[in-house]
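Results of the structural survey
What follows is the residue order along each chain.
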Amino acid sequence: MFYLLKYFIQMKILLRNNDLNEALSGVSNVGFVPTMGSIHEGHISLIKKSLNYCNKTVVSIFVNPKQFNNKRDYQKYPRNLKKDLKILKKLKVNFVYTPNKNQVYKSRKRSKILLSKKDKILCAKYRKGHFEGVIDVMTRLTKIVKPSKIFMGEKDFQQLFLVKRYIETKFNSKIILCKTIRNKNKLALSSRNILLKKDNLIKAGRIAGDLISFKKKLLKKKITKKMMLIKKNELEKLYNIKIEYLEVRNKKNLKLSTNINNSKIFFGYYLNDVRLIDNF
Ligand code: AMP
């Protein structure tokens, strides 16, 4: 009987903070999956985990203008709300929070977020103000949703690292790390993949496969700057891409590493004018 009741309970779509607060009042163990929409299997894996671990799951869809360092990138970011809602309904998500800018930025109080010099690496080096924007919006969303658990993808490892460090010290919410979901060609799923033409989608898969094999070759080797530079040049030539960074860093502190154990290869590049990131 209860099972049937659960089945018929409708997913609620909320646009205003007050409505979300009301809907969540008295609910414990809330799971939260923040997204910028264009829902794909990567997001779905986070949502399924939340549905599994939490009493209620809130999925937010908000393309946050403040984390885009480039206006054109913000404008062309894929948006597919109707399709997203259909997917979320099928998954039996409890609440979808789709606020506009005014709702999220109602409170003028901007958290003082300063990245230290040692944080200005990888994406932070190339996207000025990006993580400050991400941490600010995550602070705002966490204040609104008050989740017990926030589910985030390893695909955006640096984001996860910085948000975890910031949010877990300020709030009573735990960040839950979720594995990167890839397509059959090993390409990490991303909303931005929609912007790639078919031949570039295939190419991006080949590049990911190439780096997965490269990682295996690094086992038991001392990794040098020169080695990484040679690989970077090789990839740029072979695939006609522009690489921002190709670095091996420790998973715990993101310090440069000379050993692949406890470390990952971090990779950011442009395929035509689409910026893609991954880690292996
Ligand atoms: P986004 O909508 O791109 O801001 O992503 C929302 C959340 O989904 C973030 O925590 C991402 O790290 C996560 N995510 C995006 N792509 C993937 C993927 N391929 N596998 C797992 N998680 C992902």
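Residues numbered from 1 in each chain as written. Predicted model: local features only at pLDDT ≥ 70, side-chain atom pairs only at ≥ 80, totals over all residues. Heavy atoms only, no water.

**Observations concerning the domain arrangement of the protein chain**
Heads up, the rule is: Just so you know, the domain bounds were taken from an automatic or database domain assignment. We call two residues in contact when some of their heavy atoms are within 4.5 Å. By convention, the term buried area covers the 1.4 Å-probe accessible surface removed from two parts as they join, with the contributions of both added. When a carboxyl oxygen of Asp or Glu lies within 4 Å of a side-chain nitrogen of Lys or Arg, that pair is called a salt bridge. The definition of a polar contact used here is a pair of N or O atoms within 3.5 Å, where within protein one atom must be able to donate a hydrogen and the other to accept one, and adjacent residues in sequence count solely through side-chain atom pairs. Runs of E in the DSSP output that reach at least two residues are strands. Runs of H or I that reach at least four are helices, and both are numbered from the N terminus. Basically, the charged four are Asp, Glu, Lys and Arg, the nonpolar ten are Ala, Val, Leu, Ile, Met, Phe, Trp, Tyr, Cys and Pro, and anything else, Gly included, counts as polar.
If you check the domain split of the protein chain, you get domain 1 (8–178) and domain 2 (191–279). Inter-centroid distance (C-alpha atoms) of domain 1 to domain 2 is 26 Å. The partner domain 2 presents 18 residues to the 22 residues of domain 1 that form the contact. Sorting the residues of domain 1 by area buried against domain 2 places L122, Y126 and F157 first, and these three jointly supply 31% of that buried surface. K76 is paired through a salt bridge with D273; the nearest N and O atoms lie 3.6 Å apart. For the pair domain 1 and domain 2, the interface holds eight residue pairs in polar contact (both at pLDDT 80 or more). Secondary-structure elements contributing two or more residues to the side of domain 1 that touches domain 2 are α4 (71–76), α7 (122–126) and α9 (157–170). Split by residue class, the side of domain 1 that touches domain 2 holds nine nonpolar, six polar and seven charged.

**Re the site of the ligand**
Counted only if it meets this: Throughout, the term near means that a residue has one or more heavy atoms lying within 4 Å of the molecule or strand in question. Values of accessible area rely on a 1.4 Å probe in the Shrake-Rupley scheme; residue burial ignores everything except the protein chains shown.
Close to the ligand lie 16 residues, the nearest being M36, H43, D156, I181 and L189. Here an oxygen atom of the ligand sits 2.9 Å away from a polar atom, N or O, in the main chain of M36. Here the ligand loses 93% of its free accessible area of 480 Å² to cover by the protein chains. Where the shell around the ligand is concerned, the elements lending two or more residues are β2 (30–35), α3 (41–53) and β5 (149–153). Element by element, the count of residues in the shell around the ligand is highest for α3, at three residues. Tallied by class, the residues present in the shell around the ligand amount to seven nonpolar, six polar and three charged.

**Considerations on the pattern of salt bridges**
What counts, and what does not: Only protein chains enter the accessibility calculation, which uses a 1.4 Å probe. A residue is then buried if its area is under 20% of the maximum for its type, exposed if over 50%, and partly exposed in between.
Tallied over the entire structure, the rule returns 18 salt bridges. Where E154 meets K179, a salt bridge forms, and the shortest distance between an N and an O atom there is 3.2 Å. Of this pair, E154 sits in the loop between β5 and α9 while K179 sits in the loop between β6 (174–178) and α10 (198–218); the two residues are 25 residues apart in sequence, bridging distant segments of the chain. For K179, a relative accessible area of 59% corresponds to the exposed category. A single network of salt bridges, built from pairs that share partners, joins R72, K76 and D273.

**Re the environment of I223**
By secondary structure assignment, the location of I223 is in the loop between α10 and α11 (225–239). With 53 residues separating them along the chain, I223 and L276 place their C-alpha atoms 24 Å apart. Once residues within four sequence positions are removed from consideration, I223 is found in contact with L218, M228, V248, S257, T258, N259 and I260.

**Things to note about the sheet that holds β5**
Cut-off, in case you're wondering: Pairing between strands is defined by DSSP: at least two bridges between the two strands are required. Helix axes are fitted to C-alpha atoms over the stretch in contact, other axes to C-alpha atoms as well, and angles between N-to-C directions run from 0 to 180 degrees.
Read across the open sheet, the six strands follow the order β1-β4-β3-β2-β5-β6; overall the sheet is parallel. Two strands in the sheet have a free side with no partner beyond their single neighbour: β1 (12–14) and β6. Pairwise comparison of adjacent strand axes, ignoring direction, gives a mean angle of 25° for this sheet. Examined bridge by bridge, β2 and strand β3 (residues 56–61) share six bridges and lie parallel to one another. Counterpart to F32 in the pairing with β3 is V58. Each of β1, β2, β3 and β4 (95–97) touches helix α2 (residues 17–24); the most contacted strand, β4, lies at about 160° to it.

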